[in-house]
Protein chains: 2
Amino acid sequence: MDEAQLLQDFGDRVRALRLDLGVSQEKLALDCGLDRTYISGIERGKRNVSLVNIHRLADALGVPASDLFQKGGGK
Amino acid sequence: MDEAQLLQDFGDRVRALRLDLGVSQEKLALDCGLDRTYISGIERGKRNVSLVNIHRLADALGVPASDLFQKGGGK
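Source: prediction; values computed, not measured.

So, how was this worked out
Residues numbered from 1 in each chain as written. Chains lettered and ligands numbered in written order. Predicted model: local features only at pLDDT ≥ 70, side-chain atom pairs only at ≥ 80, totals over all residues. Helix = DSSP H or I, 4+ residues; strand = E, 2+ residues; numbered from the N terminus. Buried ≥ 20, exposed ≤ 12 C-beta atoms within 10 Å, placed from the backbone. Contact = placed C-beta atoms within 7 Å. pLDDT = per-residue confidence, 0-100. Least-squares fit on C-alpha atoms with pLDDT ≥ 70 in both. Nonpolar A, V, L, I, M, F, W, Y, C, P; charged D, E, K, R; others polar. Core = buried A, V, L, I, M, F, W, Y, C linked by C-beta atoms within 7 Å. Axes fitted to C-alpha atoms, helices over the stretch in contact; angles between N-to-C directions. Parallel < 35°, antiparallel > 145°, perpendicular 65-115°, else oblique. Arc of directions from axis to C-beta.

(A) Representation of the environment of E43 of chain A within the structure. Residue and element names in this part refer to chain A. Relative to the helices and strands, E43 resides in helix α3 (residues 36–43). Assessed through the 20 C-beta atoms surrounding it within 10 Å, E43 is described here as buried. For the pair formed by E43 and R13, sequence separation is 30 residues and the distance between their alpha carbons is 8.1 Å. Discounting residues that sit within four places of it in the chain, E43 has contacts with G11, V14 and R15.

(B) Here's a closer look at the confidence of the model for chain A. Chain-level statistics for chain A give a pLDDT mean of 94 and a share of 95% at 70 or above. Listed scores for the predicted complex are pTM 0.94 and ipTM 0.93.

(C) Main features of the relation of the copies chain A and chain B. Superposing chain A onto chain B requires a rotation of 180° together with a translation of 0.0 Å along the rotation axis, leaving an RMSD of 0.0 Å. The transformation relating the two chain copies, once decomposed into turn and shift, fits a two-fold axis. Among all residues of chain A, the one whose C-alpha sits closest to the rotation axis is S50 of chain A, at a distance of 1.8 Å. Both copies present the same face, since 100% of the interface residues in chain A are matched by interface residues at the equivalent positions in chain B.

(D) Summary view of the interface of chain A and chain B. With 18 residues of chain A in contact, the opposing surface of chain B contributes 18 residues. Listed by contribution, the elements that provide at least two residues to the side of chain A that touches chain B are α1 (3–21) and α4 (51–61) of chain A. It is α4 of chain A that provides the largest number of residues to the side of chain A that touches chain B, a total of five residues. Classifying every residue of the side of chain A that touches chain B gives ten nonpolar, five polar and three charged.

(E) Expanded view of the nonpolar core. Core analysis: the largest hydrophobic core is formed by 36 residues, its most contacted members being I54, L57 and L68 of chain A together with I54, L57 and L68 of chain B. Counting residues per element, the ones that place at least two in this core are α1, α2 (25–32), α3 and α4 of chain A together with α1 (3–21), α2 (25–32), α3 (36–43) and α4 (51–61) of chain B. Dropping the residues within four chain positions of it, L68 of chain A is found in contact with F10, R13, V14, I54, L57, A58 and V63 of chain A.

(F) Representation of the packing of α1 of chain A against α4 of chain B within the structure. Running from amino to carboxyl end, α1 of chain A crosses α4 of chain B at an angle of 105°, the nearest separation of the two axes being 10 Å. Between α1 of chain A and α4 of chain B, the interaxial angle falls into the category roughly perpendicular. The segment α1 of chain A lies against α4 of chain B, with E3, L6, L7 and F10 of chain A engaging L51, V52 and H55 of chain B. For the contact of α1 of chain A with α4 of chain B, a count of residues per class yields five nonpolar, one polar and one charged.

(G) The arrangement of α3 of chain A in detail. Residue and element names in this part refer to chain A. Considered for burial, the residues of α3 that qualify are I39, I42 and E43. Burial along α3 is one-sided: seen end-on, the buried residues are contained in an arc of 95°. Turning to α3, the residues buried within the fold contact α1 and α2. Just downstream of α3, G45 is the residue with a positive phi angle, here 75°.

Structure (structure tokens):
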């Protein structure tokens, strides 16, 4: 398992869904109750995000948590 | 968001998939490279599992990571 790649895939997916929504990292961070630098780290594949924050992201992005594990952009 | 409930939902899903496979917590732990007590904690909803370990569990259970975020048992 390529751990760096799976973190990057997750970050790419968060970014794609965020851009679909047309919101900034700042806005997403506010909606999640997380720090903007943390969102940035996620999108750069630098964060090993855990269940609670995965669900916060999914809620703020308006998708089921399972959607964050799909490849590529779009819903 | 009910954090305790979402951790329990995840644990219930791991347990359901593990029982579908007919493997013990010990066997799943070995397949994941994790400790059996950690698997037990996940199934009891006590662990805020992060991305790398979510993927280890999914690989050992033979499902895509997204399947761990479905409700209930069965594939």
